[in-house]
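# Fold and geometry: a report
Chain by chain, the residues:
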Amino acid sequence: MGKAKVLVVDDEPQVREVLSRYLLSQGYECSTAHDGTSALRAAETEQPHIVLLDISMPGKSGIDVLKELQARYPDTAVVMVTAIADISVAIDAMRNGA
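To keep things clear, this report deals only with the structure shown in the data block. Quick caveat, the model's predicted, so the values are computed rather than measured. (Residues numbered from 1 in each chain as written. Predicted model: local features only at pLDDT ≥ 70, side-chain atom pairs only at ≥ 80, totals over all residues. Heavy atoms only, no water.)

Another point: the pattern of salt bridges. Taken as a whole, this structure holds three salt bridges when the rule is applied. R21 is the partner of E17 in a salt bridge, and the nearest nitrogen-oxygen pair spans 2.3 Å. Here E17 pairs with R21, and both are found in helix α1 (residues 13-25), just four residues apart, close to one helical turn. The salt bridge partner of R72 is E68, with a shortest N-O separation of 3.1 Å. Placement of the pair is R72 and E68 together in helix α3 (residues 62-72), with a separation of four residues, close to one helical turn. With relative accessibility at 45%, the residue R72 sits in the partly exposed group. By relative accessible area, E68 is classed as partly exposed at 23%. Bridged by salt links that share partners, the residues K60, E68 and R72 form one connected network. (Salt bridge = Lys/Arg side-chain N within 4 Å of Asp/Glu carboxyl O. Helix = DSSP H or I, 4+ residues; strand = E, 2+ residues; numbered from the N terminus. Buried < 20%, exposed > 50% of the residue type's maximum accessible area, 1.4 Å probe, protein only.)

Structure representation (structure tokens):
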């Protein structure tokens with residue numbers, strides 16, 4: 001098996017940059033997306049093993065993207081990332097398969 005593929009999805013360019021640089025330095029293949037729509041396109045073309053997904057983004061929320069990813073790619077692991085300190089958001093993400 002080759003390197004694990006990770007898709008980093010965040011609307012903050014600095015977050016995407018830091019995470020992708022770190023993952024690349026650890027030997028992962030890494031791609032990025034800046035919003036939910038581009039994340040779904042990238043998931044289709046890149047076929048990542050893992051998606052690091054921001055919860056709060058303009059347009060499609062991370063929860064909306066999570067639901068679509070789970071429906072289309074049930075074997076892809078999704079890890080939700082957020083700066084929001086609201087436990088109900090984390091519970092909602094877990095109920096939706098994160």
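Now that the structure is up, let's keep going.
This part covers the pairing of strand β3 (residues 50-54). Counting buried positions along β3 yields four of five residues, so the element is predominantly enclosed. With four bridges connecting them, strand β1 (residues 5-9) and β3 associate as parallel partners. Across the sheet, residue L7 finds its bridge partner in β3, namely V51. (Pairing = 2+ DSSP bridges.)

Before going further, it helps to examine the environment of V15. Mapped onto the secondary structure, V15 falls in helix α1. On the accessibility criterion, V15 (31% relative accessible area) is partly exposed. Placed 39 residues apart in sequence, V15 and D54 show a C-alpha to C-alpha distance of 9.8 Å.

Take the packing of helix α2 (residues 36-46) against α3 next. The description of two packed helices rests on the angle between their axes and on the distance between the axes. The contact between α2 and α3 brings their axes to 10 Å, and the two run at 15°. Judged by the inter-axis angle, α2 sits roughly parallel to α3. Note that α2 runs across α3; the crossing there is right-handed. Residue-level contacts link G36, A39, L40 and A43 of α2 to V65, E68, L69 and R72 of α3. A per-class count over the contact of α2 with α3 returns five nonpolar, one polar and two charged. (Axes fitted to C-alpha atoms, helices over the stretch in contact; angles between N-to-C directions. Parallel < 35°, antiparallel > 145°, perpendicular 65-115°, else oblique. Left-handed = near helix turned anticlockwise from the far one by under 90°. Contact = heavy atoms within 4.5 Å. Nonpolar A, V, L, I, M, F, W, Y, C, P; charged D, E, K, R; others polar.)

A few words now on the environment of P58. Locating P58 in the fold gives a position in the loop between β3 and α3. Exposure remark for P58: the relative accessible area of 54% places this residue in the exposed category. Through-space distance from the C-alpha of P58 to that of D35 is 7.0 Å; in sequence the pair is 23 residues apart.

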